[in-house]
Amino acid sequence: MKKTIIKKFKNNSDIEIKYNQMLKEYTSFKTGGPTEFFIIPKTINALKKVLTTFKQEETFILGSGSNIIVNKQGISRVVVYTGELNKISITNNLITAESGASLIEVSKKAANASLTGLEFASGIPGSIGGALYMNAGAYGGEIKDIIKEAEFIDHSGQKILLPKKELKLSYRDSILQHKNLVATKATFSLAKGSLKEIKAKIKELTEKRWAKQPMDSPSAGSMFKRKAGHYPGALIEKAGLKGYEINGAKVSEKHAGFIINQNQAQAEDVKKLVRKIQTEVYDKFSIKLETEPKFIE
Ligand SMILES: Cc1cc2nc3c(=O)[nH]c(=O)nc-3n(C[C@H](O)[C@H](O)[C@H](O)COP(=O)(O)OP(=O)(O)OC[C@H]3O[C@@H](n4cnc5c(N)ncnc54)[C@H](O)[C@@H]3O)c2cc1C
């Protein structure tokens, strides 16, 4: 396979290939062994070339790596990293971003253009593609509220444009979790607002986040989904598990809904800790906690 890839992409300056790349360098939780082929398309056309070279099951699409926990064996699939597909443009109240653009960067650009609606996302460290995959949300806002449409390609190279209602966005879910599509672009519909108020809102939310969440420790964000109005952090704390640790994977002392990588924990350690939490919370409150980040092998 290696030879085929090299032959196919050798003379294409829009496709970079790294060999045996450690994935922990590309994940916010700082776990993950090597992947033999780590491919970085620099344009959407190059992404299309890569996708049409492999079968869907041979690839893994990596955004900012802030919602995945990769095991120490790494990923045996070809990893396609979207980080260099990061163009952002604004036309009137619409902001369009390529799928590898950082959500934080997009909300900053919107704010600087006095466009309101993306303030909730100003601290979510994902890419546009990952945010769409998860219908990312915070502080009462979510991608679903502001998205107009998104563009995708499939592994046959076909371009597909879907309006909001076909994106099947619901709590931490979207069409991307059910169909073999790769997001290439998204357009958000915002409203004209006051630069001062938008910046004040972003400042307020940033301060809230830093006060309540373990922002300076590696994590994958909230470890569990909210369940019928129950906050996992409160349940975990009530179950007496705040600070509980397994081999460096630790329930954050600052916010029990987060598991942090305190000391070179591996995905296996996180899984053990997750199972311990799920068992204790179920025994005490009869509530089944479901993980929000994906464990990737
Ligand atoms: C400190 C911290 C705070 C966080 N706070 C929040 C929060 O407030 N709210 C919230 O919702 N989340 C939060 N998260 C989680 C995370 O940032 C979001 O889920 C984010 O949307 C994930 O985007 P990503 O690019 O990092 O995705 P990745 O982790 O790279 O990938 C996640 C999934 O999306 C898929 N994917 C990525 N890009 C594409 C694409 N272009 N096409 C198809 N599939 C794709 C991947 O294959 C993978 O299955 C937080 C995480 C951290 C570390």
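In what follows, the structure referred to is the one given above.
These lines cover the structure that appears in this document, whether it is placed above or below. Please read these numbers as outputs of a predicted model, since none were measured by experiment. (Residues numbered from 1 in each chain as written. Predicted model: local features only at pLDDT ≥ 70, side-chain atom pairs only at ≥ 80, totals over all residues. Heavy atoms only, no water.)

As for the packing of aromatic side chains
One pass over the full model with this rule turns up 4 aromatic pairs. Ring centres of Tyr-19 and Phe-37 lie 6.0 Å apart, and the angle between their planes is 75°; this geometry places the pair in the edge-to-face category. One end of the pair, Tyr-19, is in strand β1 (residues 15-22); the other, Phe-37, is in strand β2 (residues 34-41), and 18 residues separate them in sequence. Classification of Tyr-19 as partly exposed rests on a relative accessible area of 37%. Using a relative accessible area of 3% as the deciding quantity, one classes Phe-37 as buried. With 4.9 Å between their ring centres and 70° between their planes, Tyr-26 and Tyr-81 make a pair best called edge-to-face. One end of the pair, Tyr-26, is in the loop between β1 and β2; the other, Tyr-81, is in strand β5 (residues 78-81), with 55 residues separating them in the sequence. Here Tyr-26 and Tyr-81 have matching classes, each one buried. Chaining the aromatic ring pairs together yields one cluster made of Tyr-26, Phe-38 and Tyr-81. (Phe/Tyr/Trp six-rings, centres within 6.5 Å; stacked < 30°, edge-to-face > 60°. Helix = DSSP H or I, 4+ residues; strand = E, 2+ residues; numbered from the N terminus. Buried < 20%, exposed > 50% of the residue type's maximum accessible area, 1.4 Å probe, protein only.)

What to know about the side chain of Thr-27
Structurally, Thr-27 can be placed in the loop between β1 and β2. Setting aside residues no more than four positions away along its own chain, Thr-27 makes contact with Gly-65, Ile-68 and Val-70. (Contact = heavy atoms within 4.5 Å.)

A word on helix α6 (residues 195-212)
For α6, built from 18 residues, the straight-helix expectation of 26 Å at 1.5 Å per residue is met to within 8% by its first-to-last C-alpha distance of 26 Å. What α6 keeps buried is the set Ile-198, Ile-202, Leu-205 and Arg-209. The buried residues of α6 occupy an angular sector of 70° when the element is viewed end-on, so they sit on one face. Exposed residues on α6 whose side chains face more than 90 degrees from its buried face are Lys-196, Glu-197, Lys-203 and Ala-211. (Expected span 1.5 Å × (residues − 1). Arc of directions from axis to C-beta.)

Observations concerning the sheet that holds β1
What the 4 strands build is an open sheet, ordered β1-β2-β5-β3; its pairing is mixed. The two strands at the open ends of the sheet, each matched to only one other strand, are β1 and β3 (59-62). Across the sheet, the mean angle from the axis of one strand to that of its neighbour is 30°, orientation sign disregarded. Where β2 meets β5, 2 bridges bridge the pair, whose relative direction is parallel. Note that in β5 the partner of Ile-39 across the bridge is Val-80. (Pairing = 2+ DSSP bridges. Axes fitted to C-alpha atoms, helices over the stretch in contact; angles between N-to-C directions.)

Comments concerning the pairing of strand β18 (residues 258-261)
Here β18 shows no split at all, with Phe-258 and Ile-260 on one side and Ile-259 and Asn-261 on the other all buried. The pairing of strand β15 (residues 219-222) with β18 spans 2 bridges and is classified as antiparallel. Paired with Ser-219 across the two strands is Ile-260, which belongs to β18. Note: strand β17 (residues 249-251) against β18, 3 bridges, orientation antiparallel. When the bridges of β18 are listed, Ala-249 appears paired with Asn-261.

Section: the sheet that holds strand β12 (residues 159-163)
If you trace the 5 strands from one edge of the open sheet to the other, you get β6-β7-β13-β11-β12, paired in antiparallel fashion. Both outer strands of the open sheet, β6 (88-91) and β12, are each paired with one neighbouring strand and no more. On average, adjacent strands in this sheet sit at an angle of 15° to one another, irrespective of strand direction. Pairing of β6 with strand β7 (residues 94-98) involves 4 bridges; the strand directions are antiparallel. Looking at β7, one finds that Ser-89 is bridged to Thr-96. Seen against the sheet, helix α2 (residues 44-53) touches β7, β11 (147-153) and β13 (182-189) and runs at an angle of roughly 145° to β13.

Purely geometric stuff here, so don't read any function into it on its own.
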